[in-house]
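Coordinate analysis (summary)
If you want the building blocks of each chain, they are given just below.
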There are 2 protein chains.
Amino acid sequence: MQTKKGQSIEDASMKMIEDEIGSHNYNEKEWPIVRRIIHSTADFDFADKNRLIFQKDAIESGMNALKNGCSIVVDVNGVIGGLNKQNPKDFGNEIVCNISKPEIMQQAKDEGKTRSQVSMRVAKNDIDGGIVAIGNAPTALMEVIEMVNEGIVKPALIIGIPVGFICAPESKEELSKLQGTPFITNLGRKGGSSSASAIINAIFKLIRAESSN
Amino acid sequence: MQTKKGQSIEDASMKMIEDEIGSHNYNEKEWPIVRRIIHSTADFDFADKNRLIFQKDAIESGMNALKNGCSIVVDVNGVIGGLNKQNPKDFGNEIVCNISKPEIMQQAKDEGKTRSQVSMRVAKNDIDGGIVAIGNAPTALMEVIEMVNEGIVKPALIIGIPVGFICAPESKEELSKLQGTPFITNLGRKGGSSSASAIINAIFKLIRAESSN
């Protein structure tokens, strides 16, 4: 849902990114995702120093799950803020974000965990078969990895791109080692909720491009 | 509203930023704001290549307005997502974001404008005397500058930190030239809704620190 003027600004921005990036090693489905993150952050490090890592089935699995109306579980409200809302509306995806619920706060206090950890654990039915997107909280990502390793959930795609100094790089390294689960992550400290939303928006664009062919 | 564990991760991150940044030229109120942006983005360019510019009255004026319960007008929902919600709740600040309203879309189409432009124009009563924070849309920022120049609004603070390739750097340059209006902006392409929220969260922290002295 964009005006003509809004769309023409976006097109010109994408062209500028193409011109400046020159050559890259991403394939034809990966690159529109990386390009959209750069568009959201004006940060070319995402193509290079903090480059994206795509597990081989990640994009296909994410596209299939989204177009079949899977849930989208996010760690923070910022990820929701950056989403193009028309997509989940059209494809029937429920967006789940538990972080601000009072009972989560209480449970986190009781168990000596972060709210992010607890908010993932309680969303297990939505994570199973769904997309989980983490832009902020490495403890949320670690919890999801643990749930996968425990055999409790089988997400269609884990988007793990938390930003930060403590635990964030380590949590992404853990994700990159996960076997048999589709994931998209990146190296180092950079990331964030805008990057997480950009990835989801870009996957929906791939779905629409495919269905218009 | 943070658990003990969440707070200790934040403290350790801030310490890491302090250690890595070494010396800087920001004053004692500016630096906690810049540091919080770096915390939200893991991007040290905000202290340097894309450094922040504070109009001389900006922080004081923003603090006064917020603690007196002014409105906070934002360009996109992503800015709201990144806000610590306890602050506006405690200080009675209304958060205004018009971008997704159907009537804004219609008006934008009719007038050949972006939705962002229209969403600022219709929020004029809240912008006047309030805080306006723009993390995404340079056309929104240009519209606010125009409204100031037309004498329609006198914001207590303009936070203008849109990210982007087209118009964003230019809109921030325009803002930096504005006379007699408090603003916080930065140079170049980088910015975003996380940075805009980080600035607001940091100003609330300054208010709380001041009142606890």
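As recorded in an unreviewed UniProt entry, chain A goes by the name Precorrin-8X methylmutase, listed as coming from Candidatus Nitrosomarinus catalinensis. Looking at chain A in UniProt, the text filed under Pathway (unreviewed entry) is "Cofactor biosynthesis; adenosylcobalamin biosynthesis." In UniProt, chain A has this text filed under Sequence similarities (unreviewed entry): "Belongs to the CobH/CbiC family."

1. Side note on the UniProt feature "domain: Cobalamin biosynthesis precorrin-8X methylmutase CobH/CbiC" (unreviewed entry) in chain A
When the UniProt feature table is mapped onto this chain numbering, "domain: Cobalamin biosynthesis precorrin-8X methylmutase CobH/CbiC" (unreviewed entry) sits at residues 9–205 of chain A. As a span, residues 9–205 of chain A carries 51% helix and 10% strand, and end to end its C-alpha atoms are 17 Å apart.

2. With respect to the interface of chain B and chain A
The interface of chain B with chain A comprises 38 residues on the first partner and 38 residues on the second. Across the chain B/chain A interface, buried area totals approximately 3,100 Å², and carbon plus sulfur atoms make up 66% of it. A salt bridge links B:Asp43 to A:Lys190, with the nearest nitrogen and oxygen atoms 3.7 Å apart. With eight residues, the single largest contributor to the side of chain B that touches chain A is helix 1 (residues 4–21) of chain B. The residue makeup of the side of chain B that touches chain A, split by class, is 13 nonpolar, 18 polar and seven charged.

3. Regarding the packing of aromatic side chains
Taken as a whole and judged by the stated rule, the model has eight aromatic pairs over all chains. Between the aromatic rings of A:Phe165 and B:Phe44, the centroid separation amounts to 6.0 Å while the plane-to-plane angle is 85°, which identifies the pairing as edge-to-face. Within this pair, whereas A:Phe165 is found in the loop between strand 5 (157–160) and helix 10 (168–176), its partner B:Phe44 is found in the loop between helix 2 (30–41) and strand 1 (52–54), the two belonging to separate chains. The exposure class of A:Phe165 is buried, given its relative accessible area of 4%. Overall, the relative accessible area of 22% leaves B:Phe44 in the partly exposed class. An aromatic cluster is built from A:Tyr26, A:Trp31 and A:Phe54, whose rings are joined through pairwise contacts.

4. Let's talk about the pattern of salt bridges
Across all of its chains, the model carries 40 salt bridges over all chains by this definition. Taking the shortest distance from any N to any O, the salt bridge between B:Lys113 and B:Glu143 comes out at 3.8 Å. Of the two residues, B:Lys113 sits in the loop between helix 6 (102–111) and helix 7 (115–121) while B:Glu143 sits in helix 9 (residues 138–149), which places them 30 residues apart along the sequence. Via salt bridges that share partners, A:Asp43, A:Asp45, A:Lys49, A:Lys190, B:Asp43, B:Asp45, B:Lys49 and B:Lys190 belong to a single interconnected network.

5. Quick word on the sheet that holds strand 6 (residues 183–186) of chain B
Residue and element names in this part refer to chain B. Spatially, the six strands line up as an open sheet ordered 1-6-5-4-2-3, and their pairing is mixed. Edge positions in the open sheet fall to strand 1 and strand 3 (95–96), since each of these has one partner strand only. Relative to strand 5 (residues 157–160), strand 4 (residues 131–134) runs parallel, the two being bridged by four bridges. Within strand 5, the residue paired with Ala 133 across the bridge is Ile 159. Lying over the sheet, helix 3 (residues 58–67) contacts strand 1, strand 2 (72–74), strand 4, strand 5 and strand 6, oriented at roughly 115° with respect to strand 4.

6. A closer look at helix 6 of chain B
Because each turn of an α-helix spans 3.6 residues, side chains separated by three or four positions in sequence point in the same direction. Residue and element names in this part refer to chain B. Buried within helix 6 are the following residues: Ile 104, Met 105 and Ala 108. Seen end-on, helix 6 carries its buried residues on one side only, within an arc spanning 100°. Pointing more than 90 degrees away from the buried face of helix 6 are the exposed residues Pro 102, Lys 109 and Asp 110. Elements in contact with the buried residues of helix 6: helix 7. Trailing helix 6 by a residue or two, Gly 112 shows a phi angle of about 65°, which is positive.

7. Describing the environment of B:Glu103
Here B:Glu103 is to be found in helix 6. C-alpha of B:Glu103 to C-alpha of B:Arg115: the two residues are twelve residues apart in sequence and 9.7 Å apart in space.

8. Looking at the side chain of B:Ser116
Mapped onto the secondary structure, B:Ser116 falls in helix 7. B:Ser116 has contacts with B:Ile99, B:Ala137, B:Thr139 and B:Ala140, leaving out every residue within four places of it along the chain.

9. As for the relation of the copies chain B and chain A
Of the transformation placing chain B onto chain A, the axial shift is 0.0 Å and the rotation is 180°, giving an RMSD of 0.0 Å. A rotation of that kind, with that shift, is consistent with a two-fold axis. Interface overlap between copies is the fraction of interface residues in one copy that are interface residues in the other; for chain B against chain A it reaches 100%, indicating a shared surface.

10. Remarks on the sheet that holds strand 2 (residues 72–74) of chain A
All names here are of chain A. In space, the six strands of this open sheet follow the order 1-6-5-4-2-3, with mixed pairing throughout. Whereas interior strands pair on both sides, the edge strands pair on one side only; in this sheet they are strand 1 (52–54) and strand 3 (95–96). With three bridges connecting them, strand 1 and strand 6 (residues 183–186) associate as antiparallel partners. Within strand 6, the position partnered with Ile 53 by the bridge is Thr 185.

Calculation rules
Residues numbered from 1 in each chain as written. Chains lettered and ligands numbered in written order. Predicted model: local features only at pLDDT ≥ 70, side-chain atom pairs only at ≥ 80, totals over all residues. Heavy atoms only, no water. UniProt positions renumbered as here; feature names shortened; annotations may be inferred. Helix = DSSP H or I, 4+ residues; strand = E, 2+ residues; numbered from the N terminus. Contact = heavy atoms within 4.5 Å. Buried area = accessible area lost by both parts, 1.4 Å probe. Salt bridge = Lys/Arg side-chain N within 4 Å of Asp/Glu carboxyl O. Nonpolar A, V, L, I, M, F, W, Y, C, P; charged D, E, K, R; others polar. Phe/Tyr/Trp six-rings, centres within 6.5 Å; stacked < 30°, edge-to-face > 60°. Buried < 20%, exposed > 50% of the residue type's maximum accessible area, 1.4 Å probe, protein only. Pairing = 2+ DSSP bridges. Axes fitted to C-alpha atoms, helices over the stretch in contact; angles between N-to-C directions. Arc of directions from axis to C-beta. Least-squares fit on C-alpha atoms with pLDDT ≥ 70 in both.

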